[in-house]
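Single-letter residue listing:
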Amino acid sequence: MRDAPTDHDLAPWIAAQRWYAAKGSGGPTLRTLSTDDDTRLVLDETATGAVLYQAPVVVRDGTLTDAPADLGWVRGLAARIDAGPESLRPIGTVTAARVLSGEQSNTSVICDTESGAQVIVKVFRVLHHGDNPDVTTQLALSAAGSTRVPAVYGALRGTWPDPGRPDGTATGHLAVAQEFLAGTRDAWRVALDDARAGTPFAADATRLGTALAEVHRTLAAVMPTTPATEELRRDALTTMHARLAAAEREAPAVAEHADAIRAVYARAAGASWPDLQRVHGDLHLGQVLAVPGERGWVFLDFEGEPLRPLAERSVPDVPLRDVAGMLRSFDYVAGALAHDADPVDTGGWAVEARAAFLAGYERGIGGDLGAHREVLDAFELDKAVYEVVYETRNRPDWVGIPLAAVARLAARSAG
C-alpha cells in the first residue's frame, strides 16, 4: 500500500470500525473532502445518507493504523489544540497515550503529559457543521471556573468544503481535550450498589441536586438565556404531543393513558415556565462521576439528546428537562434491581432519592419547584413516554418501569 491510502484503500478499514454508522449497508462509498499531515475528512455517500467522518490513519509496514493509536499523531494533535483559539490551558508534551476501549461514536485517548497531568482527548468521528454543544458548554463552564465538569484544556476546529452552504465551506469541532479523572465511578453504579445494599442515598442525592443547580446557575450567567415565550412553550409541547402520538402507534400500552397525558401537557401550557438557557440535555446518572474527596459530583457529555439535530442542541432549553431526566434515572435504579437475577425491592429507596434530589436542586436555585410542577411533570412524562417506546423495541420485559411512571405522573397531576 502507498504511504497515502486512496479512498478505495480506506473503505474496508472504515467499514470495520465501531464508529462506522452504516453497518449492513454494503460498505462505504468514500470521497475525501480534506486531508493534510494530521487528519483526513471523508464523505461516505451510501444510500442510507451522506455522513462525514474524521478518519486519520497512518501506514505502518503496509498496514492502515488508526492515527489516535499512534503516539506521534497524538502529540501533533495536542500541539494543534494548544495553538488554537479555544485553548484554555496547555496540554504540553504528551509522553504516552492509550486509546480508551469500548466507545461507539467517538475515540478517546488518555494521555500522560510532561507536567504529570493526565488528559483525555476526545476525537469526534462523525462531523457536522456548527458548534458541538459538548465542547462549547464545557468550555464555558470551565472558563467560568466551575469544578462541576472536568477542566477543559482546549478544543480544535476544522473546515471542509460544503457546496450546500452559501460560502461553500463548513466548520465544526474535531476534538476536545479535558482533565482525565482517574479512580472514579459513575453515579449509576454508585446508586445501584447503594440501593442493592439498602444504603440510604438521600444525602448524595441532595448534593447531586445542588450540584446540578450550580451548573444551571453558571450556564445562565455565562451563556444566553431567553424568556419562555408562548411560541417557545408551544414548540416544546408540540414535540411532546408528536412523541406521544408516535408512541400510541408503536406501544399500545401508552394509549390507555393518552388522554390523561394530554391533560398534563395542557396544564403545562398555561403554567409558569422558567427562563430557557443552555442545559445538559440528556442527563441521567450515567452522565455523572463521583470524584473522591471534596469535589463530589462532576457532570459529563453535554452533547444533548442524540436524536436531535446538532443545531437544536445548542439553543436555550428548559432546565427542568435535566431535572426530569435525573428523576427518571432514579426510577430506573429501582427498576433494574427489580429485574435482577436476585430481585430487590427498592421502590422506597427511589422515592426517598427523588425527594432528596429535588430538595437539593431547590436549595441550589434558591426557589420552589412547586411553581413549575406542571411543567416538570410534562417533561418527566415526555421522557417516560420515550422510554416506553425504547423498552418496547429493546427490552419488552422492562416496559413496566416507564409505564408505571406514566400512570403515576398522569394520576398525580390530575389530583
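Treat the numbers as computed from the prediction; the structure is a model and nothing was measured.

Reading the values: rules and limits
- Residues numbered from 1 in each chain as written.
- Predicted model: local features only at pLDDT ≥ 70, side-chain atom pairs only at ≥ 80, totals over all residues.
- Heavy atoms only, no water.
- Helix = DSSP H or I, 4+ residues; strand = E, 2+ residues; numbered from the N terminus.
- Rg over C-alpha atoms; globule rule 2.2 N^0.38 Å.
- Buried < 20%, exposed > 50% of the residue type's maximum accessible area, 1.4 Å probe, protein only.
- Contact = heavy atoms within 4.5 Å.
- Areas by Shrake-Rupley, 256 points an atom, 1.4 Å probe, with all protein chains shown as cover.
- Polar contact = N/O pair within 3.5 Å; in protein donor to acceptor, adjacent residues only side chain to side chain.
- Phe/Tyr/Trp six-rings, centres within 6.5 Å; stacked < 30°, edge-to-face > 60°.
- Lys NZ or Arg CZ within 6 Å of the ring centre and 35° of its normal.
- Salt bridge = Lys/Arg side-chain N within 4 Å of Asp/Glu carboxyl O.
- Patch = residues over 30% accessible without salt bridge, like charges linked within 9 Å, V, L, I, M, F, W, Y side chains within 5 Å.
- Pairing = 2+ DSSP bridges.
- Axes fitted to C-alpha atoms, helices over the stretch in contact; angles between N-to-C directions.

Engineer: I tried to follow the overall build of the protein on my own but got confused; where do I start?
Structural biologist: Within the protein one finds 11 helices and 14 strands. Taken against the 2.2 N^0.38 rule, which gives 22 Å for 415 residues, the C-alpha radius of gyration of the protein at 23 Å falls within 12% of a compact globule. Projected onto its principal axes, the C-alpha positions of the protein cover 70 × 50 × 50 Å. For the protein, the residues scored as buried account for 50% of the 415 residues in total. Of all intrachain contacts in the protein linking residues separated by at least 6 positions in sequence, the fraction that spans at least 24 positions is 65%. Summed over all atoms, the accessible surface of the protein reaches about 18300 Å², with 52% contributed by carbon and sulfur.

Engineer: What am I meant to see in helix α4 (residues 187-197) here?
Structural biologist: In an α-helix there are 3.6 residues to a turn, and that puts residues three or four apart on one side. By the burial criterion, the buried members of α4 are Ala187, Val190, Ala191, Leu192, Asp194 and Ala195. Contacts made by the buried residues of α4 are with β12 (185-186), α5 (202-222), β13 (288-291), β14 (296-299), α8 (320-338) and α9 (347-365). One side-chain oxygen of the residue at the start of α4 lies 3.0 Å from the amide nitrogen of Trp188, identifying that residue as Asp186. Immediately beyond the C-terminal end of α4, within one or two residues, lies Gly198, with a positive phi of roughly 75°.

Engineer: Where do I start with the packing of aromatic side chains in this structure?
Structural biologist: The geometry of an aromatic ring pair comes down to the distance between the two centres and the angle between the two planes. In this structure the tally under the stated criterion is 10 aromatic pairs. Chaining the aromatic ring pairs together yields one cluster made of Phe201, Trp297, Phe330, Trp349 and Phe357. If you follow Arg89 out to its NZ or CZ, it ends over the ring of Tyr153, 6.0 Å from the centre. For Arg395, the ring lying beneath its charged end belongs to Trp398, and the centroid distance is 4.1 Å.

Engineer: Which parts of the structure should I look at to understand the pattern of salt bridges?
Structural biologist: Opposite charge on two side chains allows them to pair when their charged atoms are near. Counted under the stated rule, the structure contains 31 salt bridges. When the shortest N-O distance is used, the salt bridge between Arg373 and Asp377 registers 3.6 Å. Of the two residues, Arg373 and Asp377 both sit in helix α10 (residues 373-394), 4 residues apart, roughly one turn of that helix. Here Glu380 makes a salt bridge to Arg408, at a shortest N to O gap of 4.0 Å. Within this pair, whereas Glu380 is found in helix α10, its partner Arg408 is found in helix α11 (residues 400-414), the two being separated by 28 residues in sequence. Taking the relative accessible area as the measure of exposure, Arg408 reaches 31% and is therefore partly exposed. Beyond isolated ion pairs, a larger network of salt bridges with shared partners links Arg328, Asp331, Arg354, Glu380, Glu387 and Arg408.

Engineer: So what exactly am I meant to see when it comes to a nonpolar patch on the surface here?
Structural biologist: A cluster of nonpolar side chains, contributed by Leu307, Tyr386 and Tyr390, occupies part of the molecular surface with about 330 Å² of accessible area. Among the structural elements, Leu307 can be located in the loop between β14 and α8. Judged by relative accessible area, which is 72%, Leu307 ranks as exposed.

Engineer: Before we go on, may I ask you to explain the sheet that holds strand β3 (residues 51-54) in this structure?
Structural biologist: Strand pairing within a sheet occurs via backbone hydrogen bonds; the two strands may be parallel or antiparallel. The strand order β1-β2-β3-β9 describes an open sheet built from 4 strands, whose pairing is antiparallel. Each edge of the open sheet is held by one strand with a lone partner, namely β1 (30-35) and β9 (126-127). Across 5 bridges, β1 lies against strand β2 (residues 40-44) in antiparallel orientation. Within β2, the position partnered with Thr35 by the bridge is Arg40. Docked against the sheet, helix α1 (residues 7-15) engages β1 and β2, running at close to 105° with respect to β1.

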